[in-house]
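Analysis of the macromolecular model
One letter stands for each residue in the lines below.
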Amino acid sequence: MFTGIIEEMGEITAIAPSGDGWRLTVRAPRAAEDAVHGESIAVSGVCLTVVGSTADTFDADVMKQTLDVSAIGSATVGTRVNIEKAMPVGARLGGHIVQGHVDGTGDVLEVRPGVEWSVLRISLPADLAPLVVDKGSISVDGTSLTVSAVSAPADPSPWFEISLIPETLAATTLGVRAVGDRVNLETDILARHVERLLAFRAAPEGGSR
């Protein structure tokens, strides 16, 4: 379990085939310093398991399904990534509950820089659109953010916007995102549960479940 509060920016330094997936080596000195085999680290919002480490890098296997549904599938050596270690029990929940289970990806449609703030408009897969609400929480590349605007329900091309403060721009990869970039999206876990419950309520009596 994570909070979406990024602890450092890392860099992918090696990608090796591993079955039908990859083994990644990520340079992230703060995370790697005390990393232990089997622990979870979120890499741009994707929960990965440490399988080896050095003083400043860690290795993690990425299965084919994860490569297919997340932006990690288009990563290359040199790609910068957001890093967060799993939240310890009893710690403050500074962001929101983030599982590290990416729901899908979106594309940066627009970047509107301001004097201090920057606004990003990001596309939404149609099946995720009902789960994103104005002033609700969303994880973008593992960063806990508040939705500042959202497309109308009837819009055939759903989108949402996030407003980034200087700290977020400086401390995460979102500060260098450009139009066309692909980002990982994880919607609010509470919204996903509500959608599932409503689907069961709407199912006809004796229908397939």
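Placed above this text is the structure.
Below or above, wherever it landed, is the structure these notes cover.

Structural notes on the nonpolar core
In summary, soluble globular proteins display a tendency toward joint burial of nonpolar side chains. The biggest cluster of nonpolar side chains holds 20 residues, and the ones touching the most others in it are Leu-24, Val-26, Val-43, Leu-48, Phe-58, Ile-72 and Ile-83. Look past the residues within four positions of Ile-72 in its chain and what remains in contact with it is Trp-22, Leu-24, Val-43, Val-46, Leu-48, Val-62, Leu-67 and Asn-184.

What to know about the side chain of Ser-44
By secondary structure assignment, the location of Ser-44 is in the loop between strand E3 (40-43) and strand E4 (46-53). For Ser-44, the residues in contact, after removing those within four places along its chain, are Val-81, Asn-82, Asp-141, Gly-142 and Asn-184.

Structural notes on the sheet that holds strand E7 (residues 104-113)
In spatial order, the strands read E7-E8-E11-E10-E9-E12; together these six strands close into a barrel with antiparallel pairing. If you compare each strand with its neighbour and ignore which way they point, the axes differ by 45° on average. The pairing of strand E9 (residues 137-140) with strand E12 (residues 182-187) spans three bridges and is antiparallel. Looking at E12, one finds that Ile-138 is bridged to Thr-187.

Some words on the environment of Gly-136
Structurally, Gly-136 can be placed in the loop between strand E8 (118-123) and E9. Sequence separation between Gly-136 and Val-147 is 11 residues, and the spatial gap between their C-alpha atoms is 5.5 Å.

Let's talk about the packing of aromatic side chains
Counting across every chain of the model gives zero aromatic pairs. Sitting above the plane of the Trp-159 ring, Arg-121 keeps its charged end 3.6 Å from the centroid.

Here we look at the environment of Val-111
Mapped onto the fold, Val-111 is located in strand E7. Between the C-alpha atoms of Val-111 and Val-179, which are 68 residues apart in sequence, the distance is 6.6 Å. Here Val-111 is in contact with Ser-118, Val-119, Leu-120, Arg-177, Ala-178 and Val-179, once residues within four sequence places are set aside.

Quick word on helix H4 (residues 189-202)
In a regular helix each residue adds 1.5 Å, so 14 residues correspond to 20 Å; H4 covers 20 Å between its end C-alpha atoms and thus fits that length. Put simply, Asp-188 is the residue that caps the front of H4, since its side-chain oxygen is 3.1 Å from the backbone nitrogen of Leu-190.

A short note on the pattern of salt bridges
Pairing between side chains becomes possible if they bear opposite charge and their charged atoms approach one another. Scanning all chains against the criterion turns up 12 salt bridges. Asp-103 is paired through a salt bridge with Arg-192; the nearest N and O atoms lie 3.5 Å apart. Of this pair, Asp-103 sits in the loop between strand E6 (80-85) and E7 while Arg-192 sits in helix H4, and the two are 89 residues apart along the sequence. Note that Glu-161 is salt-bridged to Arg-121, the shortest N-O span being 2.7 Å. One end of the pair, Glu-161, is in strand E11 (residues 159-164); the other, Arg-121, is in strand E8, with 40 residues separating them in the sequence.

Some words on the side chain of Ser-123
Of note, Ser-123 is situated in strand E8. Here Asp-107 takes part through its backbone nitrogen, which lies 2.8 Å from a polar atom of the side chain of Ser-123. With residues near it in sequence (within four places) discarded, Ser-123 still touches Gly-106, Asp-107, Leu-109, Pro-158, Trp-159, Phe-160 and Leu-185.

Concerning the sheet that holds strand E1 (residues 8-18)
Strand order in the closed barrel formed by six strands is E1-E2-E5-E4-E3-E6, and the pairing between neighbours is antiparallel. The mean angle between the axes of side-by-side strands here comes to 45°, regardless of whether they run parallel or antiparallel. Here E3 runs beside E4; their pairing, made up of four bridges, is antiparallel. Bridging across to E4, Val-43 finds its partner in Val-46.

Definitions and limits used
Residues numbered from 1 in each chain as written. Predicted model: local features only at pLDDT ≥ 70, side-chain atom pairs only at ≥ 80, totals over all residues. Heavy atoms only, no water. Core = buried A, V, L, I, M, F, W, Y, C linked by side-chain atoms within 4.5 Å. Buried < 20%, exposed > 50% of the residue type's maximum accessible area, 1.4 Å probe, protein only. Contact = heavy atoms within 4.5 Å. Helix = DSSP H or I, 4+ residues; strand = E, 2+ residues; numbered from the N terminus. Pairing = 2+ DSSP bridges. Axes fitted to C-alpha atoms, helices over the stretch in contact; angles between N-to-C directions. Phe/Tyr/Trp six-rings, centres within 6.5 Å; stacked < 30°, edge-to-face > 60°. Lys NZ or Arg CZ within 6 Å of the ring centre and 35° of its normal. Expected span 1.5 Å × (residues − 1). Polar contact = N/O pair within 3.5 Å; in protein donor to acceptor, adjacent residues only side chain to side chain. Salt bridge = Lys/Arg side-chain N within 4 Å of Asp/Glu carboxyl O.

Coordinates in, geometry out; function isn't part of it.
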